[in-house]
Amino acid sequence: MNFEFTEEQLMIQKAARDFANDVLKPGVIERDENQSFPQELIHQMGELGFLGMMVSPEYGGSGMDTISYVLLMEEISKVDASASVMISVNNSLVCYGLESFGTEEQKQKYLIPLAQGKQIGAFCLSEPEAGSDATSQRTTAIDMGDHYLLNGTKNWITNGGRAGVFLVIAQTDVEKKHRGINAFIVDASWEGVQVGVKENKLGIRGSDTHSIMFNDVKVPKDHRIGEDGFGFKFAMKTLAGGRIGIAAQALGIASGSYELALAYSKERKAFGTEICNHQAIQFKLADMSTEIEAARLLCLKAAYQKDNGLDYTLTGSMAKVFASEAAMRISTEAVQVHGGYGFVKEYHVERLMRDAKITQIYEGTSEVQRIVISRSILK
Ligand code: CAA
């Protein structure tokens, strides 16, 4: 077993760390406050190859492995989880889905600009009444002969307001239940595609989350992904990798919180000494660093399995549930270590605590991860 990173992996980690500290950090409080994220920053992430980092260079990507992706996600998320969710959705859900299951024509037309960061994509599975219970799709795509007619509403769509391309999951045959679900590539410019209001969120406020309405959208037949009825499996297979990305995001939120708490504990004095000299604080730091190490190892194991063609569904879910719950605990403790200062925005930890919460919810709640894990160990 080799615990060392390659030079290339370390290079990507450094590039992500520098970008996070030099470019993302300066405006992160304002972006959180204003719920904004300048297009220019997305452009820069695209230029650095962060938006299509695992896509083969043949399709405009950086051709990196999943280990590098975990390292990048951790570094970006330490500073700005709004930026990292955009990276995660575009890489793990949209680009991965297209590269793995799309036709050559679909890849040429849609994957290349997405991998190059010239466009950003969104993944439309959740609905007002279908979140965890993802087979209960109400969005329909009726086969009209030469096209599908798409109707329905998708909720909580990350990148919804700025996506050029949506991957949309819809029911094509209700009788067949989940085997009658398909996935489609939908161009945001098509008639009938309507972006709903932006959600006003607790965390990851820089990222834009919208509902998306599809009203009689004509989807050409060749925009279906995979064989007829492949849509639910497409969503599950894609989300299995997505969960590694979100686990790494949670890991970054946890390690960012820990690093701030550690530094603060060495500066702040109470009862005549730096607070890191008090056992009450030392034990918090010990627990934080132990949990972070465990979360990191789970993320890297899942990434290793994915890179080596092994089944990563179980480890990916373990990584996500463990890292996201650790992120919630650690960011809350980081606020506690900061005391009153932790409760104000300038010290960053309150934002990290708010950002942590979503990692227990999106791309499969903690409860869904436990379903996946228990089914896997009991089968
Ligand atoms: N790979 C391949 N196929 C899979 C699979 C996987 N990982 N998981 C399930 N399937 C297949 C099953 O084999 C089964 O197929 P067959 O019947 O043909 O054998 C089919 O899918 C249905 O599976 P289940 O019976 O297990 O389905 P279920 O109704 O019990 O649901 C679930 C399982 C795990 C709860 C699933 O519904 C789920 O993951 N729900 C959560 C959805 C989710 O993660 N949503 C996130 C939205 S996207 C998002 O958040 C993006 C963002 O913007 C940040």
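Model, not experiment: these values are computed from the prediction.

Student: So what's going on with the site of the ligand? Which residues, and what values?
Tutor: Looking at the ligand, there are 25 residues lining it, with Ser132, Thr158, His178, Arg243 and Arg375 nearest. Arg179 places a polar side-chain atom, nitrogen or oxygen, 2.9 Å from an oxygen atom of the ligand. In this structure, an oxygen atom belonging to the ligand sits 3.0 Å away from a main-chain N or O atom of Glu363. Isolated, the ligand exposes 1,100 Å² of accessible area, and the fraction of that covered by the protein chains is 75%. Elements with a minimum of two residues in the shell around the ligand: α5 (81–101), α7 (231–267) and α11 (366–378). For the shell around the ligand, the element with the highest residue contribution is α7, accounting for six residues. Tallied by class, residues from the shell around the ligand come to 11 nonpolar, eight polar and six charged. Per-domain counts for the shell around the ligand show at least three residues from each of domain 2 (121–231) and domain 3 (233–378).

Student: So what about a nonpolar patch on the surface? Which residues, and what values?
Tutor: Residues Met1, Phe3 and Leu297 make up a contiguous nonpolar surface patch of roughly 430 Å² in combined accessible area. Along the chain, Phe3 turns up in the segment before α1 (7–24). Of the residues examined, Phe3 reaches a relative accessible area of 59% and is grouped as exposed.

Student: Can you lay out the environment of Tyr96 for me, pointing to particular residues and giving the numbers?
Tutor: Within the secondary structure layout, Tyr96 lies in helix α5. For the pair Tyr96 and Met54, spaced 42 residues apart in sequence, the C-alpha to C-alpha distance is 7.9 Å. Those residues within four positions of Tyr96 in sequence are excluded, and the remaining contacts are Asn91, Phe101, Lys237, Thr238, Lys306 and Tyr312.

Student: Give me the packing of α1 against helix α3 (residues 39–47): which residues, what numbers.
Tutor: Where α1 contacts α3, the axes come no closer than 12 Å and their chain directions differ by 160°. If you check the angle between α1 and α3, you find them roughly antiparallel. The handedness of the crossing between α1 and α3 comes out as right-handed. Contact residues: α1 offers Phe19, Val23 and Leu24, while α3 offers Leu41, Gln44 and Met45.

Student: Run through the pattern of salt bridges, naming residues and quoting values.
Tutor: Taken as a whole and judged by the stated rule, the model has 19 salt bridges. One salt bridge in this structure joins Lys154 and Glu127, with 2.9 Å as the shortest N-O distance. Of the two residues, Lys154 sits in strand β3 (residues 147–158) while Glu127 sits in the loop between β1 (121–124) and β2 (140–143), which places them 27 residues apart along the sequence. For the pair shown, Lys154 and Glu127 are each scored as buried. Of the charged contacts, one joins Glu291 and Arg329 as a salt bridge, the two residues approaching to 2.4 Å between their closest N and O atoms.

Student: Can you lay out the pairing of strand β7 (residues 209–220) for me, pointing to particular residues and giving the numbers?
Tutor: Looking at chain direction, β3 and β7 are connected through nine bridges and run antiparallel. Opposite Thr153, over in β7, you have Met213 as the bridge partner. Two elements, strand β6 (residues 193–198) and β7, share four bridges in a ladder whose sense is antiparallel. Each bridged residue has a counterpart across the sheet, and for Val193 the counterpart in β7 is Phe214.

Student: Kindly report on the side chain of Ser211, identifying the contributing residues and their values.
Tutor: Relative to the assigned elements, Ser211 resides in strand β7. Classification of Ser211 by relative accessible area gives buried; the value is 11%. The contact partners of Ser211, leaving out residues within four places of it in the chain, are Thr153, Lys154, Asn155, Gln194, Val195, Gly196 and Val197.

Student: Describe the pairing of β1, with residues and values.
Tutor: Side-chain positions along a regular strand alternate between the two faces of the sheet. Here β1 shows a buried face lined by Gly121 and Phe123 and a second buried face lined by Ala122 and Cys124. As paired elements, β1 and strand β4 (residues 165–171) share four bridges and run parallel to each other. When the sheet's bridge partners are listed, Ala122 is paired in β4 with Phe166.

Student: Can you explain the environment of Ala261? Please cite residues and give values.
Tutor: As for its position among the elements, Ala261 is in helix α7. Note on Ala261: relative accessible area 0%, which makes it buried. Each C-alpha atom, one on Ala261 and one on Ile169, is 42 Å from the other, the two residues being 92 residues apart in sequence. What Ala261 contacts, discounting residues up to four positions off in sequence, is Leu285, Met288, Ala334, Val337 and His338.

Student: I'd like to hear about helix α8 (residues 279–307), residue by residue, with values.
Tutor: Under the 1.5 Å per step criterion, the end-to-end length of α8 is 42 Å for 29 residues, consistent within 8% with the ideal 42 Å. Considered for burial, the residues of α8 that qualify are Ile281, Leu285, Met288, Glu291, Ile292, Ala295, Cys299, Leu300, Ala302, Ala303, Gln305 and Lys306. Residues of α8 that are buried in the fold lie against α4 (66–79), α5, α7 and α9 (313–338). With its phi angle positive at about 70°, Gly309 sits one or two positions after the end of α8.

Procedures and definitions
Residues numbered from 1 in each chain as written. Predicted model: local features only at pLDDT ≥ 70, side-chain atom pairs only at ≥ 80, totals over all residues. Heavy atoms only, no water. Near = heavy atom within 4 Å. Polar contact = N/O pair within 3.5 Å; in protein donor to acceptor, adjacent residues only side chain to side chain. Areas by Shrake-Rupley, 256 points an atom, 1.4 Å probe, with all protein chains shown as cover. Helix = DSSP H or I, 4+ residues; strand = E, 2+ residues; numbered from the N terminus. Nonpolar A, V, L, I, M, F, W, Y, C, P; charged D, E, K, R; others polar. Domains from an automatic or database assignment. Patch = residues over 30% accessible without salt bridge, like charges linked within 9 Å, V, L, I, M, F, W, Y side chains within 5 Å. Salt bridge = Lys/Arg side-chain N within 4 Å of Asp/Glu carboxyl O. Buried < 20%, exposed > 50% of the residue type's maximum accessible area, 1.4 Å probe, protein only. Contact = heavy atoms within 4.5 Å. Axes fitted to C-alpha atoms, helices over the stretch in contact; angles between N-to-C directions. Parallel < 35°, antiparallel > 145°, perpendicular 65-115°, else oblique. Left-handed = near helix turned anticlockwise from the far one by under 90°. Pairing = 2+ DSSP bridges. Expected span 1.5 Å × (residues − 1).

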